[in-house]
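So you can see what is in the structure, the chains are spelled out below.
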Amino acid sequence: MDRLCGSGELGSKFWDSNLSVYTNTPDLTPCFQNSLLAWIPCIYLWAALPCYLFYLRHHKLGYIVLSRLSRLKTALGVLLWCISWVDLFYSFHGLIHGSSPAPVFFITPLVVGITMLLATLLIQYERLRGVQSSGVLIIFWLLGVACAIIPFRSKILSAVAEGKISDPFRFTTFYIYFALLLSALILSCFKEKPPLFSPVDVDPNPCPESSAGFFSRLTFWWFTKLAILGYRRPLEERDLWSLSEEDCSHKVVQRLLEAWQKQKNQVSGPQAATDEQKVPSEDDVLLRAQPKSKKLSFLWALVRTFTSSLLMGACFKLIQDLLSFINPQLLSILIRFISDPTAPTWWGFLLAGLMFMSSMMQILILHQYFHCIFVMALRVRTAIIGVIYRKALVITNSAKRKSTVGEMVNLMSVDAQRFMDVSPFINLLWSVPLQVILAIYFLWQILGPSALAGVAVIILLIPLNGAVSIKMRTYQVQQMKFKDSRIKLMSEILNGIKVLKLYAWEPSFLGQVEGIRQGELQLLRKGAYLQAISTFIWVCTPFLVTLVTLGVYVCVDENNVLDAEKAFVSVSLFNILKNPLNMLPQLISGLTQASVSLKRIQDFLNQDELDPQCVERKTISPGYAITINNGTFTWAQDLPPTLYRLNIQIPKGALVAVVGPVGCGKSSLVSALLGEMEKLEGTVSVKGSVAYVPQQAWIQNCTLQENVLFGQPMNPKRYQQALETCALLADLDVLPGGDQTEIGEKGINLSGGQRQRVSLARAVYSNASIFLLDDPLSAVDSHVAKHIFDQVIGPEGVLAGKTRVLVTHGISFLPQMDFIIVLADGQVSEMGHYSALLKHDGSFANFLRNYALDEDQEDHEALQIVDEEVLLVEDTLSTHTDLTDNEPAIYEVRKKFMRQMSSLSSEGEGQNRPVLKRHTSLSEKEPQVTKTKETGALIKEEVAETGNVKLSVYWDYAKSVGLCTTAAICLLYAGQSAASIGASVWLSAWTNDAVAQGRQNNTSTRLGVYAALGLLQGLLVMLSAFTMVVGAIQAARLLHAALLDNKIRSPQSFFDTTPSGRILNRFSKDIYVIDEVLAPTILMLFNSFFSSISILVVIIATTPIFIVVALPLAVLYGFVQALHRLGGPVLCMHSLTYLCHLGCSVLIDSSLVSMWPHHGS
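From a predicted model like this one, the values you see are computed outputs, not experimental measurements.

An order of 6-7-8-4-9-10 is seen for the six strands of this open sheet, with the pairing classed as mixed. The open sheet has two edge strands, strand 6 (690-693) and strand 10 (827-832), and neither has a second partner. Looking at each pair of strands side by side, their axes are set apart by 15° on average, direction ignored. With four bridges joining them, strand 4 (residues 655-659) and strand 9 (residues 819-824) adopt parallel strand pairing. Along strand 9, the bridge assignment pairs valine 659 with valine 822. In the packing of helix 27 (residues 752-766) onto the sheet, contacts are made with strand 6 and strand 7 (770-774), and the angle to strand 6 comes to roughly 175°. Its contacts with the sheet place helix 28 (residues 782-793) against strand 4, strand 7 and strand 8 (803-807), and it is angled at close to 160° to strand 8.

Structure representation (structure tokens):
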């Protein structure tokens, strides 16, 4: 470098300590200023360029119109480039005229000029990619100004000292360059307008983060407006910003699905290709070992999906970890500065400023890391929930038998949450070893080989923690099985709550739930004790490492003196280790829980799915809408076939009836056409979109209109026609809100017939090509059934010309069918027109004779049965609907009996009575539920608490834990803090001991007392953790018992107006928080609180003037805490809404998916 600066006016020195360090007026040499100092911003920009270009290439946000701001930025860049080239040409001019300038005057203008040209081009490229504020260029301009400040000062001091300007031209160009550089920095702080076609243009409440400037993002200033609003009044859901596009579930879930599907293709692709290329011989099959099937890794799919977020978080964490080791080195220099009275005063100011800057940089980088990693954690949880939910809709029936409802609920509420909880700690896997290595390296510089003793302690503790984590994982697996069983039982209780209350079975089921809960709590207690042991080990680790290292250092050689520099720099390095080592118990616990959850999720996602290609929708014989050729179907691979060798061809526009005795496979045939059964052989072809009306009407928890529209746009004429033909107009007059009446969960405020007619109206409104009607007329009276058949299904109905497949027992409609399919024992026994089948005198004739007797019996049933008894029987049977949905034969018998009972309440009803002015029969009776409001709303909105958490909540939890237990925990933590203060004070006194003949006296006493205080500190931490475990388990038991007792004894009206998913969420997610999250969080709170108090006590005791600074800071921190605390509760979203319909979407068969129209080619 000296040669680069030449030997002329700049001299040959690149660095001069006498000029830069050992002086009261420090300065850098001109060579240093014109070379390295000028190159620093250029090196930064060229180093960041590849990654930044890669980012811009893959993140196009739109196109920003060329604005005045952009023109000014570009003009400044061009001027800076011109100034650099002017300097270069001036050097060439001097060379031509024989002045021989140093090489640095050629190199620096060339490097700076090219870099300024690059910055100018980046300004325009960022505009084309939609970047409103460039962090890369802001840092570049900031570095440029910071590096130019030193020459700015030096040139003025030099001119003042010499009384003249030695090089007026370069003096002038430099200050012009500095002014332009400062202007470019100021302009870069202003953000550009939003790009064209930006979401800001269409979103009424966009998130300001996406358009925030660099400094706003760096300091989270964009959040201030919402925080102030929350301080002024309680925040509501409408106050929250819209999600950014990359955070929306449809984006996040799709990315994870694509990664998972890509992995499935990679695993199945090579295997399939090998199978196609080579047909093995008999010998190969017998002698060759079976190849191991490669298992899919859901973890790898997660990593591939969130690689960018993981890498960005890792970069922030790496920078923060490296910055954390700067302060101990500065502290070492500061102690030497204080010990040296001859050192220049400006050293102290510089060191204090550098320590402040280092700490500020750490804070800014650390919080960017937290923001990045927590956003990633939310995306991970969202993606996992979405993938599990979609999988639950397409698994086979055999898989449904293995995966219970409780397991599915826990997968989405508990297991997905565990991935979110462990995500913030995931970088500790590499960060802790890195920090340990760096700390040991710097300790070696201070204490020599004695530092290896600390390494030995850390290595010895690793196997112990490994054994603890393995045992914890075993307990987690067993605990999740108990949790699944408990949630499954709670789901069954909620689904059959009417039956429970009718027969007073609450105590019996409450005992069953409490029995499962007791086993769950026993495992939770064991796991919590192990967690407390792990916490004790890692809390003691930093102190043990400090004790062993310092002990070995002073004992190995009597001449080793523990002075202030060695002691406090070593302690500062050990304190850096303290935080990551304190986090290790949470990391181990989180990884243990996440590994259990990963295996559970992976096993669930690897379950067999229904084949989407089992129903061909593109090719079919001309003129036909549905064809089945030699089809054999089963509900599960391990069950015998349900339908055998079916050969059916249904022409377009035909009206076809499917009849047969109970259990012959009529509903199974409809399921086979929907692709819900497993096809063993044959082909199934369906041409066109499909609308399906199931036996048991599926009603959404929304308005009646939304139930009919089912997500399609409103067509008033078609909507009115659907209501009219399905006989719903009179019902609208009765309902309090008309078609805007909110329908309760499972249609609780509609009768059975109303639910069926709403389901039918939905199908009519869909305007599909093919209608699969699974006995929709069984839930309505005979005259209503005749109206619906004539107006909707029949040859003169609104569906005339559509292909209709009607499963029915109503023999009065059969003569109007185009042809009839008769099933018997899973096979087609007969097929043809009504008259032809009658003449044949086969299975169809027997069917008619049997059901004719039934209908005759219904017509002549006695009417003397007391109404109350009829209501009791009907209500009892209707509540068993969910329990018999999966038993087709039982369901058919129940349905047949209901049809017989329906005639008991038909007094006074004649066939000549108008359909829309009828008395409500038994099957159409209005259920006795809570009356809806005049607005038509039924389901109560879940109320989110706003403002501060009430003290009564803390008090209730403290009472559940036990007041004595709570007091004991506080006292133990206070004692631990006192021991910590004592250890620090004792170490300080140790360093102040007098040194006689190069050694310290009382070393053994000092070491022994220091060890005793440290061990006492660890023991108190362990006792507090064990005490917290006892209290937390007691609180979990009492709170769950109180919740269960309250809910099981709630009136039926509560269950009619509260979605079961909301109740289930209380018993899954919220109980999980009480069981496993609340206690560790409280321990962290106590640890932070008492640590802060102990630090304040030590500082104020040693430096009383600090209280002058501490009081205003306390007020400021209190205000900021209040600012963010008041708006906090609403930011925790309402209950997971996906659980509200989980029972519907998981328990019912996958025919729900078929309700959306399937469009053929």
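Attention now moves to empty space enclosed by the protein. With the rule as written, the count across this model stands at five cavities of 30 Å³ or more. Reported here for the largest cavity is a volume of approximately 170 Å³. Considering the residues around the largest cavity, the lining is formed by 17 residues, among which Lys73, Ile123, Glu126, Ser134 and Leu137 are closest to the centre. Among the secondary structure elements, those contributing two or more residues to the lining of the largest cavity are helix 4 (68-96), helix 5 (104-128), helix 6 (135-162) and helix 7 (168-188). A per-element tally of the lining of the largest cavity places helix 4 first, with four residues. The class makeup of the residues in the lining of the largest cavity is seven nonpolar, six polar and four charged.

Close inspection of predicted coordinates is inappropriate in any region flagged by low pLDDT. With 84% of its residues at a pLDDT of 70 or more, the protein chain shows a mean pLDDT of 79. Below pLDDT 50 for its whole length, residues 856-935 participates in 125 contacts with residues either more than four positions away or in separate chains. Across residues 1129-1161 the pLDDT falls below 50, and counting only partners more than four positions away or on other chains, this stretch makes 88 contacts in the model.

Attention now moves to the packing of aromatic side chains. This model, assessed by the stated rule, comprises 32 aromatic pairs. For the ring pair phenylalanine 92 and phenylalanine 106, a centre distance of 5.0 Å and an interplane angle of 65° mean the geometry is edge-to-face. In this pair, phenylalanine 92 is assigned in helix 4 and phenylalanine 106 in helix 5, connecting sequence segments 14 residues apart. For phenylalanine 92, a relative accessible area of 37% corresponds to the partly exposed category. Aromatic side chains phenylalanine 1089 and phenylalanine 1090 sit 5.2 Å apart centroid to centroid with 80° between the ring planes, which places their arrangement in the edge-to-face category. In this structure an aromatic cluster arises from ring pairing among Phe152, Phe171, Phe174, Tyr175 and Phe178. In this structure, arginine 170 packs its charged tip against the face of phenylalanine 105, placed 4.0 Å from the ring centre. Its end group placed over the ring of tyrosine 765, arginine 718 keeps NZ or CZ at 4.4 Å from the ring centre.

For a regular strand, the rule is simple: side chains alternate between the two faces of the sheet. With eight of 11 residues buried, strand 2 (residues 624-634) lies mostly within the body of the structure. Examined bridge by bridge, strand 2 and strand 5 (residues 678-686) share seven bridges and lie antiparallel to one another. Each bridged residue has a counterpart across the sheet, and for asparagine 629 the counterpart in strand 5 is threonine 683.

Glancing now at helix 27. Over its 15 residues, helix 27 extends 22 Å from the first C-alpha to the last, a length consistent with the 21 Å expected when each residue adds 1.5 Å. Along helix 27, 14 of the 15 residues are buried, which leaves the element largely enclosed by surrounding structure. Just past helix 27, the residue asparagine 767 takes up positive phi, approximately 55°.

Topologically, isoleucine 83 is positioned in helix 4. Isoleucine 83 sits in the buried class, given a relative accessible area of 14%. In this structure, the C-alpha to C-alpha distance between isoleucine 83 and glycine 113, residues 30 residues apart in sequence, is 7.9 Å. Those residues in contact with isoleucine 83 that sit more than four places away from it in its chain are Thr173, Ile176, Tyr177 and Leu180.

All right, on to unusual backbone geometry then. Non-glycine residue arginine 645 carries a positive phi angle of around 40°. Along the chain, arginine 645 falls in strand 3 (residues 643-651). The backbone of asparagine 767 sits at a positive phi, close to 55°, despite the residue not being glycine. With respect to the element layout, asparagine 767 can be found in the loop between helix 27 and strand 7.

Our focus in this paragraph is the packing of helix 19 (residues 451-495) against helix 22 (residues 564-605). Closest axis-to-axis distance for the helix 19/helix 22 pair is 9 Å, and the angle between their directions is 45°. Relative to helix 22, the element helix 19 lies oblique. Here helix 19 runs over helix 22; the crossing is right-handed. Counted together, Asn465, Ser469, Met472, Arg473, Gln476, Val477, Met480 and Asp484 of helix 19 and Ile588, Ser589, Thr592, Gln593, Ser595, Val596, Lys599 and Arg600 of helix 22 form the full contact between these two elements. Looking at the contact of helix 19 with helix 22, its residues break down into five nonpolar, seven polar and four charged.

Quick look at the side chain of serine 423 now. Here serine 423 shows up in the loop between helix 17 (405-422) and helix 18 (428-447). At 2.7 Å, the side chain of serine 423 and the backbone oxygen of phenylalanine 419 are in polar contact. Beyond its immediate chain neighbours, meaning those up to four positions away, serine 423 contacts Ile373, Met376 and Ala377.

Right, let's get into the pattern of salt bridges. Side-chain pairs of opposite charge can arise whenever the charged atoms involved come near each other. Applying the stated criterion to the full structure yields 21 salt bridges. Glutamate 609 is paired through a salt bridge with lysine 391; the nearest N and O atoms lie 2.7 Å apart. Taken as a pair, glutamate 609 in the loop between helix 22 and strand 1 (615-616) and lysine 391 in helix 15 (residues 345-394) lie far apart in primary sequence, 218 residues in all. Put simply, glutamate 1076 and arginine 418 hold a salt bridge, and the shortest N to O gap is 2.9 Å. On the criterion of sequence distance, the pair formed by glutamate 1076 in helix 38 (residues 1060-1102) and arginine 418 in helix 17 is long-range, its members being 658 residues apart. Across the pair, arginine 418 and glutamate 1076 agree in class, each one buried.

Turning next to the nonpolar core. Ranked by size, the top nonpolar core spans 48 residues in total, and within it Leu704, Ile793, Leu814, Met817, Ile820 and Phe844 carry the most contacts. Beyond its immediate sequence surroundings of up to four residues, phenylalanine 844 is in contact with Val659, Leu814, Ile820, Val822, Glu830, Tyr834, Leu837 and Leu838. Of all hydrophobic cores here, the second largest spans 42 residues; its members include Ile537, Val545, Tyr553 and Leu584.

Calculation rules
- Residues numbered from 1 in each chain as written.
- Predicted model: local features only at pLDDT ≥ 70, side-chain atom pairs only at ≥ 80, totals over all residues.
- Heavy atoms only, no water.
- Pairing = 2+ DSSP bridges.
- Helix = DSSP H or I, 4+ residues; strand = E, 2+ residues; numbered from the N terminus.
- Axes fitted to C-alpha atoms, helices over the stretch in contact; angles between N-to-C directions.
- Contact = heavy atoms within 4.5 Å.
- 1 Å grid on protein atoms, 1.4 Å probe; cavity = no way out; pocket = protein on both sides within 12 Å on 5 of 7 lines; lining within 4 Å.
- Points joined across faces, edges and corners; volume = space filled by probe spheres on them.
- Nonpolar A, V, L, I, M, F, W, Y, C, P; charged D, E, K, R; others polar.
- pLDDT = per-residue confidence, 0-100.
- Phe/Tyr/Trp six-rings, centres within 6.5 Å; stacked < 30°, edge-to-face > 60°.
- Buried < 20%, exposed > 50% of the residue type's maximum accessible area, 1.4 Å probe, protein only.
- Lys NZ or Arg CZ within 6 Å of the ring centre and 35° of its normal.
- Expected span 1.5 Å × (residues − 1).
- Parallel < 35°, antiparallel > 145°, perpendicular 65-115°, else oblique.
- Left-handed = near helix turned anticlockwise from the far one by under 90°.
- Polar contact = N/O pair within 3.5 Å; in protein donor to acceptor, adjacent residues only side chain to side chain.
- Salt bridge = Lys/Arg side-chain N within 4 Å of Asp/Glu carboxyl O.
- Core = buried A, V, L, I, M, F, W, Y, C linked by side-chain atoms within 4.5 Å.

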